[in-house]
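Letter by letter, the chains look like this.
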Amino acid sequence: MMATHNVRGDEGNVREGEVRDEGRTTSGPPPLTDATREKAREIMARYPRGRERSALLPMLHLVQSEQGYITPEGIAFCAEMLGITKAQVAAVSTFYTMFKRRPTGDWLVSVCTNTMCGVLGGDKIYKTLSEYLGVGHDETTPDGKITLEHTECLAACDYAPVMTVNYEFFDRMDPDSALEVVQRLQNGERPTPTRGARLCTFREISRQLAGWADDREGAVGEGRAGEPTLAGNRLAERYGISVAGFDPSTPIRKAADAAEKGGSK
Ligand code: FES
């Protein structure tokens, strides 16, 4: 059975802002409020005056933290706050896969199917979860709990095959261990990631990505780097290897300086 959450103003009797899955229609996401506007201003204040449009990425995460995905209302909100067009906001939000165009579950399960993970079992893991949940890529279970997606390299190839839940890592998975993680999520548990902070919901992680720290006690200090990640550092340390002639206090040249010098390096 394939079931998805869809927001479609162009199909059937479902109006924009409503969610329909398997014949069930529920109300749409909560509206953005004055409190959202206040948070958006807080984000904008992090950027130099006149450069507020740089706040777009965290502001889109803010929209996701409130509404669960990038809604048409969220696009209009960002455009109005930043003084840019809705087309510009839409262009950015559709470029990055972390911005979701449909309602996303509490648990976004991302399975790496890129080369390294794929050959070590990532494809099998994805297939197993897809068949078990009855959803395909970027689709959400009918209860709105779990969204599945396959991704192309989660930047953790040294732990392949990997998957993430709301961007926290579960390393060296196989179909059985991946299934166990998903089943525990379905049972209301929060399995502990292999590395990184403890799990939080998609809206909670979106709030962190918008720039607010995880306020759960002790969560920020969790998650040491894994041994395979540190192996290169340890070898370099042991053999006294460093980048030749690198001075850490070297200033970063501005583009204007480079142009003045004819682009010379
Ligand atoms: S190939 Fe899967 S993390 Fe890079």
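Everything quoted here is computed from the prediction, not taken from an experiment.

Q: Could you clarify how one ought to interpret the overall build of the protein chain in this entry?
A: Check the secondary structure of the protein chain and you find nine helices and seven strands. Relative to its 265 residues, the protein chain shows a buried fraction of 32%. At a minimum sequence separation of 6, the contacts of the protein chain that also span at least 24 residues come to 61%.

Q: Explain the packing of helix 2 (residues 56–67) against helix 7 (residues 202–209) to me, please; I cannot follow it from the model alone.
A: A pair of packed helices can be characterised by two numbers: the angle between their axes and the separation between those axes. For the pair helix 2 and helix 7, the least separation of the axes is 8 Å and the interaxial angle reads 155 degrees. One finds that helix 2 runs roughly antiparallel with respect to helix 7. The handedness of the crossing between helix 2 and helix 7 is left-handed. Here His61, Gln64 and Ser65 of helix 2 lie close against helix 7, whose contacting residues are Arg203, Ser206, Arg207 and Leu209.

Q: Just checking my understanding: could you explain unusual backbone geometry for this structure?
A: It is generally the case that most residues other than glycine have a negative phi and that most peptide bonds are trans. Ala160 connects to Pro161 through a cis peptide bond whose omega is -5 degrees. The residue Pro161 is located in the loop between strand 5 (146–151) and strand 6 (163–165) in this model. Positive phi, close to 65 degrees, is recorded for Asp138, a residue that is not glycine. Relative to the elements of secondary structure, Asp138 occurs in the loop between helix 5 (115–133) and strand 4 (139–140). A tally of 16 C-beta atoms within 10 Å means that Asp138 is categorised as partly exposed. Even without glycine at this site, Asn166 takes up a positive phi of about 45 degrees. Along the polypeptide, Asn166 turns up in the loop between strand 6 and strand 7 (168–170). For Asn166, a count of 23 C-beta atoms within 10 Å gives the class buried.

Q: Explain the sheet that holds strand 6 here, please?
A: Strand pairing in a sheet relies on backbone hydrogen bonds, with the paired strands running either antiparallel or parallel. Spatially, five strands are ordered 4-5-3-6-7 in an open sheet, and the strand pairing comes out mixed. Among the strands making up the open sheet, the edge pair consists of strand 4 and strand 7. Note that strand 4 and strand 5 share two bridges and pair antiparallel. Opposite Glu139, over in strand 5, you have Leu148 as the bridge partner. Contacts between helix 5 and the sheet are confined to strand 3 (107–112), strand 5 and strand 6, with strand 3 contributing the most and set at about 145 degrees to the helix.

Q: So what exactly am I meant to see when it comes to the confidence of the model for the protein chain here?
A: When pLDDT is low, close inspection of the predicted coordinates is not appropriate. Mean pLDDT over the protein chain stands at 85; residues scoring 70 or higher make up 82%. A low-confidence stretch, residues 1–25 stays under pLDDT 50, and its non-local contacts, those more than four residues away or across chains, total 43 contacts.

Q: Would you mind showing me how to read the nonpolar core here?
A: Here is a general trend for soluble globular proteins: nonpolar side chains tend to be buried in one another's company. If you look at the biggest cluster of nonpolar residues, it comprises 29 residues, and the most contacted ones within it are Val109, Leu129, Val162 and Met163. Among the secondary structure elements, those contributing two or more residues to this core are strand 3, helix 5, strand 5, strand 6, helix 6 (175–186) and helix 7. Every residue in contact with Leu129, bar those within four places of it in the chain, is listed here: Val109, Val111, Leu148, Ala178, Leu179 and Val182. Core analysis: the next-biggest nonpolar cluster, separate from the first, contains 17 residues, Ala55, Leu56, Met59 and Val89 among them.

Q: Help me understand helix 7, please; the structure alone is not making it clear to me.
A: One turn of an α-helix holds 3.6 residues; hence residues three or four places apart share an orientation. All of the buried residues in helix 7 are Phe202, Ile205, Ser206 and Arg207. The secondary structure elements touched by the buried residues of helix 7 are helix 2 and strand 3. Gly211, located one to two residues past helix 7, shows a positive phi value of around 115 degrees.

Q: How do you make sense of the pairing of strand 3 when you look at a structure like this?
A: Taken residue by residue, a regular strand's side chains alternate between the two faces of the sheet. With six of six residues buried, strand 3 is to be regarded as a mostly interior element. Side chains Trp107, Val109 and Val111 project from strand 3 onto one buried face, and the interleaved Leu108, Ser110 and Cys112 project onto a second face that is buried too. Two strands pair when backbone bridges link them, and strand 3 and strand 6 are joined in this way by three bridges, in the antiparallel orientation. The residue of strand 6 that forms the bridge with Ser110 is Thr164.

Thresholds, definitions, all that
- Residues numbered from 1 in each chain as written.
- Predicted model: local features only at pLDDT ≥ 70, side-chain atom pairs only at ≥ 80, totals over all residues.
- Helix = DSSP H or I, 4+ residues; strand = E, 2+ residues; numbered from the N terminus.
- Buried ≥ 20, exposed ≤ 12 C-beta atoms within 10 Å, placed from the backbone.
- Contact = placed C-beta atoms within 7 Å.
- Axes fitted to C-alpha atoms, helices over the stretch in contact; angles between N-to-C directions.
- Parallel < 35°, antiparallel > 145°, perpendicular 65-115°, else oblique.
- Left-handed = near helix turned anticlockwise from the far one by under 90°.
- Pairing = 2+ DSSP bridges.
- pLDDT = per-residue confidence, 0-100.
- Core = buried A, V, L, I, M, F, W, Y, C linked by C-beta atoms within 7 Å.

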